[in-house]
Amino acid sequence: MDRDEQSRSQTTPELEDVSSLKRLPLHSTDLLTLLGPSGVVLYESPSIERLYGYDQEELVGKQVAEYFHPEDRDRVVEAFAAIVSREDHHVETVEYRHLMADGSYKWIESVGSSNPTPDGNYVINSRDISERKQREREIQQTREQVQSERDGKEAIRQLLLQTSTNREIAASVCHLLVNDYGYESAWVVRKQGPGGGDQHPVVIADHGSDRGFRHPGEGSAIDAATRRTLATDDPVTVTTDMDGENDIVAQLERCGLFSVRSVPLVHEGLSYGALTVFRTDTGSDVAGQLVDEVAAALAFKQQVHRQQEALAGETVTELSLRYTGDHVLTALSRTLAVEDGDEEDDEFPELVVEELHAEGGPGSTYLVKTADVDAETVRATAAELPSVTAATVVTETETTAIVSIRAETGSIRGVLGGYGEILRSITVCDGRLNLTVEFPRRTDLSAIVDAVQDHWPEVTMYACTERPVDDDHPSAFSGLTKKQENALRAASLSGFFERPQQASAEDVAETLDSSASTFLHHLRNAERTVFEDAFSHDPSLD
């Protein structure tokens, strides 16, 4: 009978080995195990009850490898065989999962050396490393998420650089989401015109299989989630575990899908369509964020294409619109006339307005300039209007008052629809809002007027002229970013360039909700771009 068999029959090892183990100073979290050369448990220290949940004698006489996770067993057995077979001093440290008394597994780190006890057995020191393993997993997940985000952003950048048409970038986006980020299907719908959801949307790209989700009934070309996004310009997400979306949930379940998400293609308040994706699983946060980012990229690309088409035209159409309905600017004009006691005589103050480009937040910012009312009266009157969230005096001279107004109203540019238009002027006279807008010659003006009337039923077109594009004097703003354009418009209107200066950098910066240094940075870059365009050398003139 070999030593292990003798040990099993006696159920305890030699007293000398056991007494030696009991005299060792153990850390409270450590477990000492005495193993025979073949891996049979001869002794476990009392901490086994706390660490593994077993009684101290429960594993004695058992083959220790039976309690290793199947995926780790060969590796741990190999490490133990290495210390048994070595005659020189050798230490093995191994991490593995050990079976607990409750049936779960816990990560353990065990250390053993090739120096046996006097009876030829081996002492193994073990400790719980589950928390450390969890931290390592979290760190690895974070690294993978960061890398995935970088990969996603780089993919978007490459799509913007390498694709030339709206359909090409939309198709590339759908392939990216399906092939690399686990979506079952992705498709892009473009609105035929600005405004609400009844614009006869057209599918411009599609990849993957939606398993019949988009065609639940005869003649239904677009699913309910996408239709809702097109109508509201709000994202829609529905999963099979949600309440209150019975029709869409039922359709998901019939098609074997877990979720549908539809995201509007919106840039600077202008809506171009929707991107819709389907999944059979929950997916990762990175994959979800990427949908929003590529939707924003698609909308940006659509706007760039429309602007490029406008710049390429040889003639432009100048459209003059007049609006007499409810708007924060018409309300301001009428209220100022009442306060001056002039409304019955139709002597409204004249207001010249600049609408600053929105920076992604809700509402609009207007710079209002007038020579008819003092700045404090304009500010106080505006501040009392229901939709105004902030009103600030920018500057005031003997002849001019300029006030910044932030209001919870839609962008005027957004109402016009994003057809490559250039908003030349906004004025308020006699309580009416007057807009002068340039469009490419081939733009369908009737569609624009119809779309504007969807938002403003009282709008009328009172002038429409056509003129050639002045290639020698392009728009001063054509090469500027939105922040640079805002800085230049605000500085010009507020009198920042006047001498003596009518508004300081701090005054203008407050209007833009930025610091003075940030405003000056954007203004200097705008000035540099404008001067370079104005004085650039044209070799063809030589």
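The rules behind each value
Residues numbered from 1 in each chain as written. Predicted model: local features only at pLDDT ≥ 70, side-chain atom pairs only at ≥ 80, totals over all residues. Heavy atoms only, no water. Helix = DSSP H or I, 4+ residues; strand = E, 2+ residues; numbered from the N terminus. Buried < 20%, exposed > 50% of the residue type's maximum accessible area, 1.4 Å probe, protein only. Contact = heavy atoms within 4.5 Å. Areas by Shrake-Rupley, 256 points an atom, 1.4 Å probe, with all protein chains shown as cover. Core = buried A, V, L, I, M, F, W, Y, C linked by side-chain atoms within 4.5 Å. Expected span 1.5 Å × (residues − 1). Salt bridge = Lys/Arg side-chain N within 4 Å of Asp/Glu carboxyl O. Phe/Tyr/Trp six-rings, centres within 6.5 Å; stacked < 30°, edge-to-face > 60°. Lys NZ or Arg CZ within 6 Å of the ring centre and 35° of its normal. Patch = residues over 30% accessible without salt bridge, like charges linked within 9 Å, V, L, I, M, F, W, Y side chains within 5 Å. Lys, Arg positive; Asp, Glu negative; His and termini not counted. Charge placed at Lys NZ, Arg CZ, Asp CG, Glu CD. pLDDT = per-residue confidence, 0-100. Arc of directions from axis to C-beta. Pairing = 2+ DSSP bridges. Axes fitted to C-alpha atoms, helices over the stretch in contact; angles between N-to-C directions.

## What about the overall build of the protein chain?
(1) Moving on: Check the secondary structure of the protein chain and you find 16 helices and 18 strands.
(2) Moving on: When each of the 542 residues of the protein chain is scored for burial, the buried share is 44%.
(3) Moving on: For the protein chain, long-range pairs separated by at least 24 residues make up 58% of all intrachain contacts whose partners lie at least 6 apart in sequence.
(4) Moving on: On the protein chain, roughly 27700 Å² of surface is accessible, and the fraction owed to carbon and sulfur atoms is 47%.

## Focus: the nonpolar core
(1) Moving on: Ranked by internal contacts, the top residues of the largest apolar core, which has 37 residues, are Leu329, Leu332, Ile412, Leu433 and Trp456.
(2) Moving on: Not counting chain neighbours up to four residues away, the residues in contact with Leu433 comprise Leu321, Arg322, Tyr323, His327, Leu329, Thr330, Ile412, Ile426, Thr427, Val428 and Trp456.
(3) Moving on: With 26 residues, the next largest nonpolar core counts Ala170, Val263, Ala295 and Ala299 among its residues.

## Thoughts on helix α6 (residues 166–181)
(1) Moving on: Spanning 16 residues, α6 covers 22 Å between terminal C-alpha atoms, matching the ideal 22 Å at 1.5 Å per step.
(2) Moving on: Regarding α6, the residues found buried are Asn166, Ile169, Ala170, Val173, Cys174, Leu176, Leu177, Val178 and Tyr181.

## Some points on the pattern of salt bridges
(1) Moving on: A full pass over the atoms with the stated rule returns 17 salt bridges.
(2) Moving on: In this structure, Arg97 engages Asp72 in a salt bridge whose closest nitrogen and oxygen atoms are separated by 2.8 Å. On the criterion of sequence distance, the pair formed by Arg97 in strand β3 (residues 91–99) and Asp72 in the loop between α3 (48–51) and α4 (73–85) is long-range, its members being 25 residues apart.
(3) Moving on: Given the relative accessible area of 18%, Arg97 is considered buried.
(4) Moving on: Note that Lys133 and Glu95 form a salt bridge whose closest N and O atoms lie 2.9 Å from each other.

## A word on unusual backbone geometry
(1) Moving on: Its identity as a non-glycine residue notwithstanding, Arg211 has a phi of 60 degrees, on the positive side.
(2) Moving on: Within the element layout of this structure, Arg211 appears in the loop between β7 (202–208) and α7 (224–232).
(3) Moving on: A positive phi angle, close to 60 degrees, is found at Asp233, a residue other than glycine.
(4) Moving on: Here Asp233 lies in the loop between α7 and β8 (236–239).

## Quick look at the packing of aromatic side chains
(1) Moving on: Under the criterion given, the structure shown has seven aromatic pairs.
(2) Moving on: Between Phe68 and Tyr96 the ring centres are 4.9 Å apart and the planes differ by 70 degrees, which places this aromatic pair in the edge-to-face class. You can see Phe68 sitting in the loop between α3 and α4 and its partner Tyr96 sitting in strand β3, a full 28 residues away along the chain. In this pair, the class of Phe68 matches that of Tyr96, namely buried.
(3) Moving on: Geometrically, the ring pair formed by Tyr323 and Trp456 is stacked, given 4.5 Å between the ring centres and 20 degrees between the ring planes. Pair noted here: Tyr323 is in strand β11 (residues 315–323) and Trp456 is in the loop between α13 (445–455) and β18 (460–468), with a separation of 133 residues, a long-range link. Just as Tyr323 is buried, Trp456 falls in that class too.
(4) Moving on: In this structure, Lys133 is placed above the aromatic ring of Trp107, and the distance from its NZ or CZ to the ring centre is 4.4 Å.
(5) Moving on: Over the face of the ring belonging to Tyr183 we find Arg279, whose NZ or CZ atom lies 4.5 Å from the ring centre.

## A short note on a negative patch on the surface
(1) Moving on: Among the surface-exposed residues, Glu49, Asp55, Glu57 and Glu58 lie close enough to one another that they form a single negatively charged patch.
(2) Moving on: Considering the arrangement of structural elements, one finds Glu57 in the loop between α3 and α4.

## Structural notes on the environment of Ala82
(1) Moving on: With respect to the helices, strands and loops of the structure, Ala82 is situated in helix α4.
(2) Moving on: Between the C-alpha atoms of Ala82 and Ser114, which are 32 residues apart in sequence, the distance is 8.0 Å.
(3) Moving on: Discounting residues that sit within four places of it in the chain, Ala82 has contacts with His90 and Glu92.

## Looking at the side chain of Ser47
(1) Moving on: Along the chain, Ser47 turns up in the loop between β2 (41–44) and α3.
(2) Moving on: With relative accessibility at 12%, the residue Ser47 sits in the buried group.
(3) Moving on: Discounting residues that sit within four places of it in the chain, Ser47 has contacts with Asp30 and Leu31.

## What about the environment of Val202?
(1) Moving on: With respect to the secondary-structure elements, Val202 resides in strand β7.
(2) Moving on: We classify Val202 as partly exposed; its relative accessible area is 26%.
(3) Moving on: Distance from Val202 to Arg190, taken between C-alpha atoms, is 5.3 Å for residues 12 residues apart in sequence.

## Some remarks on the confidence of the model for the protein chain
(1) Moving on: Taken over all residues, the pLDDT of the protein chain has a mean of 79, while the share at 70 or more is 77%.
(2) Moving on: For residues 1–13, every residue scores under 50 in pLDDT, and the model assigns this stretch 18 contacts once sequence neighbours within four places are set aside.
(3) Moving on: In this model residues 193–198 is a low-confidence stretch, pLDDT under 50, and it forms 11 contacts with partners more than four residues away in sequence or in other chains.

## Digging into the environment of Ser387
(1) Moving on: Take Ser387: it is sitting in the loop between α11 (375–383) and β14 (388–396).
(2) Moving on: With 60 residues separating them in the primary sequence, Ser387 and His327 have C-alpha atoms 9.1 Å apart.

## Section: α4
(1) Moving on: In this model, α4 (13 residues) spans 18 Å end to end at C-alpha, consistent with the 18 Å of a helix rising 1.5 Å per residue.
(2) Moving on: All buried positions along α4 are accounted for by Val76, Ala79, Phe80, Ala82 and Ile83. Considered in projection along α4, the buried side chains sweep an arc of 150 degrees and stay on one side of the axis. Summarising the geometry of α4, the exposed residues directed more than 90 degrees from the buried face are Asp74, Glu78 and Ser85.
(3) Moving on: Packed against the buried residues of α4 are β1 (31–35), β3, β4 (105–113) and β5 (122–128).

## Section: the sheet that holds β3
(1) Moving on: Spatially, the five strands line up as an open sheet ordered β2-β1-β5-β4-β3, and their pairing is antiparallel. The open sheet has two free edges, formed respectively by β2 and β3, since each of these has just one partner strand. Going from strand to strand, the sheet's axes swing by 30 degrees on average, the running direction of each strand aside.
(2) Moving on: The pairing of β1 with β2 spans three bridges and is antiparallel. Of the residues in β2, the one forming a bridge with Thr33 is Glu44.

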